Amino acid sequence: MKVMIVGGGGREHAILEKLRVNPRVETIYALPGNGGMRAHAECVPIAATDIGGIVSFALERGVDFAVVAPDDPLIQGACDRLRAAGIRCFGPSAAAAEIEGSKSFAKSLMKRYGIPTAAYELFDNANDAYAYLAKASYPTVVKADGPALGKGVIIAQNEEEAKDAVRSMMEDGVFGASGSRVVIEEFLTGNEASVLAFTDGKTLVPMVSALDHKRAQDGDLGLNTGGMGALAPNPYYTPELAIECRERIFLPTMRAMNAEGRAFKGCLYFGLMLTQDGPKVIEYNCRFGDPETQVVLPLLETDLLEIMLAVEEERLSEVRVRFRPGAACCVVMASQGYPAKYDTGYEISLGGAPETENVFVYQAGTKWNDGRLVTSGGRVLGVTAVAKTPREAQRAAYDAVRQVRFDNAFYRRDIGERALADTAEGKAERHGL
Ligand code: AMP
Ligand code: GLY
């Protein structure tokens with residue numbers, strides 16, 4: 001089979017590493033791919049958002065199956081266009097991807113179907129939003145309705161900050177059309193969990209849970225990023241919570257999308273806040289998370305391509321999806337300055353970072369330049385280790401990080417730390433159990 005992966009981040013590298021082990025796969029194309037994916041895929045310089053280019057390439061090369069990983073092409077209908085051209089693929093239709101593409105759609109879906117989420121109001125007009133903010137309680141959360149490269153969520157500590165956020169989105173148009181509507185919602189407190197699920201609209205199979213680390217700096221300080229590291233399973237996500245989420249959130253969401261005529265096929269990502277009043281949805285994504293995928297897929301035992309084909313053919317119920325016991329930790333090595341301004345072009349030495357069965361360096365913002373591997377983006381590498389326990393996975397990931405060198409590298413030193421300290425496993429460790 002000829003397989004095509006659309007995207008070029010650490011997530012796509014992790015997907016590639018799973019797809020390439022299927023014996024039916026002869027060729028993998030990555031559009032555009034990255035410096036690491038090149039080892040096992042033919043990287044083609046077509047942007048993930050160039051949907052016309054993607055479809056023509058797939059037809060030209062006789063691609064049998066496409067995996068569309070990033071949000072933008074999914075929201076813009078890449079899977080609809082591929083399917084219309086007769087190419088099978090993994091990923092939701094544009095109508096289903098709206099669950100990520102429009103926060104107002106996601107919020108009203110949850111309201112209509114009784115799925116727990118933060119209380120909210122929707123505004124099309126800045127003056128109405130200001131009037132509401134004068135009476136709101138703080139902190140409060142201001143969100144651009146449409147996609148905003150992960151930057152469209154502002155947690156405002158007071159009315160002034162909230163008004164600034166509304167002004168920049170609605171009046172200054174910093175996110176373009178995405179900010180012409182805003183959602184203002186209740187600030188939730190609790191621990192976060194990311195749960196990715198395979199679904200074909202009939203069956204939904206949650207994957208092992210993950211804990212992302214969104215802030216740039218240690219101690220959850222600094223700017224919001226795409227994600228600076230992840231741990232799986234999420235130590236806060238107990239088996240009881242998994243049952244509650246399945247019954248109150250995951251299955252109701254799948255059914256709600258069916259009832260709306262927008263059956264979701266692909267990977268549905270639940271961003272959850274585990275509050276005192278139970279789990280609530282913070283956001284849905286219509287795709288695999290990054291860096292969650294880099295800790296979830298290494299624990300997947302079942303063949304990923306077989307799962308993806310079953311999703312496309314709506315026979316997921318026939319596949320037994322298994323995860324191995326144990327844990328995985330991913331530490332993202334980024335360019336100094338990310339998520340704001342940063343320089344690129346620095347040579348990367350993977351040194352002795354021993355890529356063993358249990359340690360893997362997923363590449364993201366990397367490329368080859370005159371025979372040298374150099375940095376080319378904000379998030380550069382996702383150094384990942386798998387081990388028996390989360391603590392061992394964390395230690396092994398940091399051991400590997402210390403072998404990697406590039407100028408201007410920065411990474412968080414506390415991936416998984418707070419969760420391990422807070423939970424039974426960490427406590428047992430302190431008592432030498
Ligand atoms: P998002 O871009 O929707 O993933 O939001 C980014 C981050 O903002 C989330 O991971 C949360 O940490 C935080 N956040 C979003 N919505 C809320 C909320 N209603 N209450 C508290 N924190 C939130
Ligand atoms: N790590 C969060 C996301 O993929 O949206």
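From a predicted model like this one, the values you see are computed outputs, not experimental measurements.

S.K.: Mind showing me how you'd approach the site of ligand 2 here?
M.R.: What surrounds ligand 2 is the set D212, K214, G226, Y269, N285, R287, G289, D290, P291 and E292. One of the backbone N or O atoms of G226 is found 3.1 Å from a nitrogen atom in ligand 2. The side chain of N285 places a nitrogen or oxygen atom 3.2 Å from an oxygen atom of ligand 2. Isolated, ligand 2 exposes 200 Å² of accessible area, and the fraction of that covered by the protein chains is 91%. The class makeup of the residues in the shell around ligand 2 is two nonpolar, three polar and five charged.

S.K.: Teacher, can you tell me more about helix α7 (residues 126-135) here?
M.R.: Owing to its 3.6 residues per turn, the α-helix brings residues three or four apart onto one side. Looking at α7, one finds that the buried residues are A126, A129, Y130 and L133. Projected onto a plane normal to the axis of α7, the buried residues spread over an arc of 100° and lie on a single side. Looking at α7, the residues exposed on the side facing more than 90 degrees away from the buried face are N127, A134 and K135. Residues of α7 that are buried sit in contact with β6 (120-123), β7 (140-144), α8 (159-171) and β9 (182-186). The residue sitting at the N-terminus of α7 and contributing the capping side-chain oxygen is N125; that oxygen lies 2.8 Å from the backbone nitrogen of N127.

Definitions and limits used
Residues numbered from 1 in each chain as written. Chains lettered and ligands numbered in written order. Predicted model: local features only at pLDDT ≥ 70, side-chain atom pairs only at ≥ 80, totals over all residues. Heavy atoms only, no water. Near = heavy atom within 4 Å. Polar contact = N/O pair within 3.5 Å; in protein donor to acceptor, adjacent residues only side chain to side chain. Areas by Shrake-Rupley, 256 points an atom, 1.4 Å probe, with all protein chains shown as cover. Nonpolar A, V, L, I, M, F, W, Y, C, P; charged D, E, K, R; others polar. Buried < 20%, exposed > 50% of the residue type's maximum accessible area, 1.4 Å probe, protein only. Helix = DSSP H or I, 4+ residues; strand = E, 2+ residues; numbered from the N terminus. Arc of directions from axis to C-beta. Contact = heavy atoms within 4.5 Å.

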